[in-house]
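Report on the structure
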Amino acid sequence: MGQQRHGLLLQLGNAAACQYHHWCGGKWGGCPDHLKFTLNQDGIHVGGSAQTTAAIGGDVKLLKMLHIGADYTYYARLYADYSLPTYGGGGELTLKEPWRVPAAGQLDLNARYDFNIGSCRASIFGVVKNVLNYEYIQDAFYDGTNNGWKDAYRVFYAFGRRFSVKLKIAF
């Protein structure tokens, strides 16, 4: 039995295409039972990562030892990522434009209080992520052929409101 490996062969030209092959029997695509197809994704948006992001934030020193801050991050033009089929084979698979996930934003707050513990400097930090507890889609997948929101699967929602506290001691 020959050694089996996986590989992705990219063909660059005027159309975006790639072929997925297996290494078997001393050559690429040598095993007839392995999946082989040409993937045509010409003009298709990249999925799985927001194409537009913006962030703004700031800190204010309220007292000599107290600082508070806020950060707002906006995500837009996020497209569902596609999953390639693991069965069938042969021919060409042409992807449809992926589902465009609704835009979203998240507001985070933070605070820091500086103080002394004996001769050591200390700070306590508090962070509240997603202060408004906004529910939004962070990631989604589609099968490459159907592209509506009803066809999306493995949809991941962002975490709701959460917080953390940290103590830092410099000695």
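Residues numbered from 1 in each chain as written. Predicted model: local features only at pLDDT ≥ 70, side-chain atom pairs only at ≥ 80, totals over all residues. Heavy atoms only, no water.

1. Considering the environment of Arg112
Along the chain, Arg112 falls in strand E11 (residues 104–117). With a relative accessible area of 28%, Arg112 lands in the partly exposed category. Measuring from C-alpha to C-alpha, the distance between Arg112 and Leu167 comes to 9.7 Å, with 55 residues separating the pair along the chain. With sequence-adjacent residues up to four places away left out, Arg112 is seen in contact with Met65, Leu66, His67, Ser123, Ile124 and Phe125. (Helix = DSSP H or I, 4+ residues; strand = E, 2+ residues; numbered from the N terminus. Buried < 20%, exposed > 50% of the residue type's maximum accessible area, 1.4 Å probe, protein only. Contact = heavy atoms within 4.5 Å.)

2. Overview of the pairing of strand E6 (residues 66–76)
Where strand E5 (residues 52–63) lies against E6, eleven bridges are found, and the strand directions are antiparallel. Within E6, the position partnered with Thr53 by the bridge is Tyr75. In this antiparallel pair of consecutive strands, E5 and E6, the connection spans two residues. Of the strand pairs in this sheet, E6 and E11 are connected by ten bridges, and their pairing is antiparallel. Looking at E11, one finds that Tyr72 is bridged to Leu107. (Pairing = 2+ DSSP bridges.)

3. Some points on unusual backbone geometry
Non-glycine residue Asn130 carries a positive phi angle of around 55 degrees. Here Asn130 shows up in the loop between strand E12 (120–129) and strand E13 (137–142). We note that Arg154 has phi near 45 degrees; this positive angle belongs to a residue other than glycine. Here Arg154 lies in strand E14 (residues 153–157).

4. Regarding the confidence of the model for the chain
In the predicted model, the chain carries a mean pLDDT of 81, and 75% of its residues have values of at least 70. No element of the chain has a lower mean pLDDT than strand E1 (residues 5–11), at 47, and none a higher one than E6, at 97. Note on residues 1–20: pLDDT is under 50 here. Beyond four places in sequence and across chains, it has 44 contacts. (pLDDT = per-residue confidence, 0-100.)

5. Some remarks on the environment of Ala80
Structurally, Ala80 can be placed in the loop between strand E7 (78–79) and strand E8 (81–82). The spatial distance from the C-alpha of Ala80 to the C-alpha of Pro98 is 5.5 Å, given a sequence separation of 18 residues. In contact with Ala80, not counting residues within four places along its chain, are Gly47, Gly48, Pro98, Trp99, Val101, Ala140, Phe141 and Tyr142.

6. A closer look at the sheet that holds E14
Taken together, the three strands give an open sheet; going across it, the order is E8-E13-E14, and neighbouring strands pair in mixed fashion. Of all the strands in the sheet, the pair left with one neighbour each is E8 and E14.

7. Re the pattern of salt bridges
Taken as a whole, this structure holds two salt bridges when the rule is applied. Notably, a salt bridge pairs Lys129 with Asp108, separated by 3.7 Å at the nearest N-O pair. Residue Lys129 is located in strand E12, and its partner Asp108 is located in strand E11; the two are separated by 21 residues in the primary sequence. Note that Asp114 is salt-bridged to Arg112, the shortest N-O span being 3.1 Å. On the basis of relative accessibility, which here comes to 10%, the residue Asp114 falls in the buried class. (Salt bridge = Lys/Arg side-chain N within 4 Å of Asp/Glu carboxyl O.)

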